[in-house]
Amino acid sequence: MNADGSHVESLDMDASHAYGPPAWTKDGTKIAVAFLNGQKIDIGVMDMKTKTLKNLTQNSNVSFGEISWSSDDTKLAAITLSNTDVYVMNADGSELSMIESQPFNIQIAWSPLNDLILITKVPAIGADSSDIWLISLKDKKRSNLTGRNKSTDISPVWSPYGQYIIFISDRGNHRGDIWKMTATGTNQSSITKDFDGSMFGLVWAPDETQIAFSAITDDKRSIWVINFDGSGLLNLSKVGCSIQ
């Protein structure tokens, strides 16, 4: 649909069923989606001009879930549903290869710098902690950016220029606060302080000065913004904005 909600259009998925959130290319010409195809879940790419869907993983024997595009739209990263392995492939589905295996990769985020990927890892089923790892596709080096803390660190999001990472952590607040760090994991500090609610859906402003996020407070959904330096926390739902 358009940004104002007009021209709502259903995309033809050839009677298959979408599974999980879609992922746009940066240029807006294609959408990648995991979809049910027989007994497994494949990754397809929809061309927005021709409205045709190409199955990228029909020749693989695994099912995929979360998807992330590279910043130049030439590659895709995806997590398998069964073993939570991380795969990378070209945008046409060629050169499918596994770059990370267990334990339990649950989230991926491709850097704007193109050769770095963030992965949220859970050490074991039922574990009460998770860490954010950085993987370099150039030299295959892996770094645990948040492993110094026994906490649940999830939902990493790169800043538009790739210098910073924001994420949600339960350090000092069991419901979670927004934290920030550099792209190498240094200078970790909280942006929100003892936020009274469950937050999700972190989004950077294009100029990196603010962060928007969704939250559930007092059993109500709301949209908030805060400056990158932690000032100016504002609930948009209380200043004339409504969620319809």
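Quantities reported herein were computed from a predicted structural model and do not represent experimental measurements.

Thoughts on the overall build of the protein
Regarding its fold elements, the protein presents 0 helices and 20 strands. Relative to the compact-globule value of 18 Å for 244 residues, the protein shows a C-alpha radius of gyration of 19 Å, a close match. Dimensions of the protein, computed from C-alpha atoms along their principal axes, come out at roughly 50 × 45 × 35 Å. In the protein, which comprises 244 residues, the proportion classed as buried is 45%. Restricting to contacts in the protein with at least 6 residues of sequence separation, those with at least 24 account for 28%. Carbon and sulfur atoms form 52% of the exposed surface of the protein, whose accessible area is close to 13,100 Å². When the 21 basic and 28 acidic side-chain charges of the protein are each reduced to a single mean position, those positions are 3 Å apart.

Observations concerning the sheet that holds strand E4 (residues 52-55)
Strand order in the open sheet made by the 4 strands is E1-E2-E3-E4, with antiparallel pairing throughout. On the outer flanks of this sheet lie strand E1 (17-24) and E4, each paired with one strand and no other. Within the sheet, the average angular offset between the axes of one strand and its neighbour, ignoring direction, is 30 degrees. Here strand E3 (residues 40-47) runs beside E4; their pairing, made up of 4 bridges, is antiparallel. Residue pairing in the sheet places Met-46 in a bridge with Leu-53 of E4.

Things to note about the sheet that holds strand E7 (residues 86-90)
Strand order in the open sheet made by the 4 strands is E5-E6-E7-E8, with antiparallel pairing throughout. Edge positions in the sheet fall to strand E5 (64-69) and strand E8 (97-100), since each of these pairs with one other strand and no more. Each strand of the sheet is rotated relative to its neighbour by a mean of 30 degrees, with strand direction disregarded. Examined bridge by bridge, E5 and strand E6 (residues 75-80) share 4 bridges and lie antiparallel to one another. Among the inter-strand pairings, Phe-64 is bridged to a residue of E6, identified as Thr-80.

Brief notes about the pairing of E1
When E1 meets strand E2 (residues 30-37), the two strands line up antiparallel, connected through 5 bridges. Paired with Tyr-19 across the bridge in E2 is Ala-34. Connecting E1 to the antiparallel partner E2 that follows it, the hairpin turn spans 5 residues, and Gly-28 within it adopts a positive phi of roughly 75 degrees.

Some details on the nonpolar core
A general feature of soluble globular proteins is that nonpolar side chains tend to end up buried together. Of all hydrophobic cores here, the largest spans 15 residues; its most connected members are Ile-43 and Leu-76. Mapped by element, the contributors of at least two residues to this core are E2, E3, E5, E6 and E7. Those residues within four positions of Ile-43 in sequence are excluded, and the remaining contacts are Val-33, Ala-34, Phe-35, Lys-54, Asn-55, Leu-56, Thr-57, Phe-64, Ile-67, Leu-76, Ala-78 and Met-89. Counting 14 residues, the second-largest nonpolar core is a separate cluster that includes Ile-166, Ile-191, Ala-215 and Phe-228.

Rules behind the numbers
Residues numbered from 1 in each chain as written. Predicted model: local features only at pLDDT ≥ 70, side-chain atom pairs only at ≥ 80, totals over all residues. Heavy atoms only, no water. Helix = DSSP H or I, 4+ residues; strand = E, 2+ residues; numbered from the N terminus. Rg over C-alpha atoms; globule rule 2.2 N^0.38 Å. Buried < 20%, exposed > 50% of the residue type's maximum accessible area, 1.4 Å probe, protein only. Contact = heavy atoms within 4.5 Å. Areas by Shrake-Rupley, 256 points an atom, 1.4 Å probe, with all protein chains shown as cover. Lys, Arg positive; Asp, Glu negative; His and termini not counted. Charge placed at Lys NZ, Arg CZ, Asp CG, Glu CD. Pairing = 2+ DSSP bridges. Axes fitted to C-alpha atoms, helices over the stretch in contact; angles between N-to-C directions. Core = buried A, V, L, I, M, F, W, Y, C linked by side-chain atoms within 4.5 Å.

Read these as geometric descriptors, not functional statements.
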